[in-house]
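Each chain, written out:
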Amino acid sequence: MRDPYSVLGVSKSASEKEIKAAFRKLAKKYHPDANSNDPGASARFNEANQAYEILGEKDKRAQFDRGEIDADGKPKFQGFAGGSPFGFRGPFGGRAGAQPGGAEFRSSTRAEDFDADSIFSDFFEQTFGGAGGAAGMGGARRTPRSGFGAAREAASKGADVTASLTIELEDIVSNEKVEVAFGSGKKLAISLPDGVEDGKQIRLKGQGQPAPITGGQPGDALITVHFARHPRFRVEDRNLFLNLAVPLKTAVLGGKVEVETLDGRIALSIPAWTNSGKTFRLRGKGLTKKGGERGDLMVSTQIMLPEDDRELEILLRERMAREAAA
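What you see is a predicted model, and the numbers here were worked out from it, not measured in a lab.

Draft legend 1. Quick look at the pairing of strand E5 (residues 221–227). With seven of seven residues buried, E5 is to be regarded as a mostly interior element. Alternating residues of E5 divide into Ala221, Ile223, Val225 and Phe227 and Leu222, Thr224 and His226, and every residue in both groups is buried. Pairing between strand E4 (residues 201–204) and E5: four bridges, direction antiparallel. If you follow Arg203 over to E5, its bridge partner there is Leu222.

Draft legend 2. Region of interest: the packing of aromatic side chains. Under the counting rule described, the total for this entry stands at two aromatic pairs. Consider the rings of Tyr5 and Phe64, whose centres lie 6.2 Å apart with planes at 45°: the pair is tilted. Of the two residues, Tyr5 is situated in helix H1 (residues 4–8) and Phe64 in helix H4 (residues 58–65); the sequence distance between them amounts to 59 residues. The pair Tyr5 / Phe64 is uniform in exposure class, with both members buried. When the centroid spacing of 4.3 Å and the interplanar angle of 5° are considered together, the rings of Phe23 and Tyr52 count as stacked. Pair noted here: Phe23 is in helix H2 (residues 16–29) and Tyr52 is in helix H3 (residues 39–55), with a separation of 29 residues, a long-range link. Considered together, Phe23 and Tyr52 belong to a single accessibility category, that of buried residues.

Draft legend 3. Structural view of the environment of Lys60. Structurally, the position occupied by Lys60 is in helix H4. Along the chain, Lys60 and Asp70 lie ten residues apart, while their C-alpha atoms are 10.0 Å from each other. Excluding anything up to four places from it in sequence, Lys60 contacts Glu53, Ile54, Ile69 and Arg203.

Draft legend 4. Region of the structure containing unusual backbone geometry. One non-glycine residue with positive phi stands out, namely Asp237, at about 55°. Within the element layout of this structure, Asp237 appears in the loop between strand E6 (234–236) and strand E7 (239–247). Assessed through its relative accessible area of 67%, Asp237 is described here as exposed. Phi at Trp273 takes a positive value of approximately 60°, unusual for a residue other than glycine. With respect to the helices and strands, Trp273 occurs in the loop between strand E9 (264–270) and strand E10 (279–282).

Draft legend 5. Here's a closer look at the sheet that holds E5. What the three strands build is an open sheet, ordered E1-E5-E4; its pairing is mixed. The strands lining the two open edges of the sheet, one partner per strand, are strand E1 (161–167) and E4. If you compare each strand with its neighbour and ignore which way they point, the axes differ by 25° on average. Here E1 pairs with E5 via seven bridges, running parallel.

Calculation criteria
Residues numbered from 1 in each chain as written. Predicted model: local features only at pLDDT ≥ 70, side-chain atom pairs only at ≥ 80, totals over all residues. Heavy atoms only, no water. Buried < 20%, exposed > 50% of the residue type's maximum accessible area, 1.4 Å probe, protein only. Helix = DSSP H or I, 4+ residues; strand = E, 2+ residues; numbered from the N terminus. Pairing = 2+ DSSP bridges. Phe/Tyr/Trp six-rings, centres within 6.5 Å; stacked < 30°, edge-to-face > 60°. Contact = heavy atoms within 4.5 Å. Axes fitted to C-alpha atoms, helices over the stretch in contact; angles between N-to-C directions.

Have a look at this one:
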């Protein structure tokens, strides 16, 4: 993949806020749902996701800036400390510094087992003495995840897969699972985490491509979540906002008006002489927060005049006449 800074169009000194804003801009521009006629949009969308996977996490960004991982998040080989990695003997049993024609190449690998993985195993064991074996002078031991161990583990991990998931606000507060489909045709039913945010990414460990070699780890599934526009509610943080039409009679005399929330309908008591713009807070009727609590639903009243109410018109005209004569 290209340099993640170039993909997002930001400098290496960009702040977390600038990186997040750049990713959201690209995600919105190249979202597959909005570019069904552009086959290249999906690739750009996935590329932006991968770039944000690196730069959007503080630790990964630091590792990339130090050159420890590449643009795909895979570890880079950092070289050997202290000169020759082979000590006094080469990786295949040859003596270091041997003259041409005098090198000794030895391998315990039989011809019928000669494949890429066995070469790597034989090389690894002769160089480092196997997992946790002696390496170099003094019998110092390497941990299984250092040096070639880390590189081999990274190479044996399956590829990550990405997908975009558009959800309704009702999905966030329900306990029902939602289905996400991947380009490969694979489908998963997942539970949304508490506090899931628009534009954020969910990582499902081990749900990506299978490992390329036996014993390797499968890749992960990276799902970018998008909130569908709701016909009634406006979202701010974890709170919802709703404009509620209130009949003039109810606004003047008071009464109850039905409010449709994400959980169903409830009756809201409207006091007498309620003006337009008065806001009522319905606690716990917003979106789910981390930890399971929920935000609030803010209901703003809008006084609704009756249609063709001749009696109301006559009453108001008579009152205006009396006021003018007084």
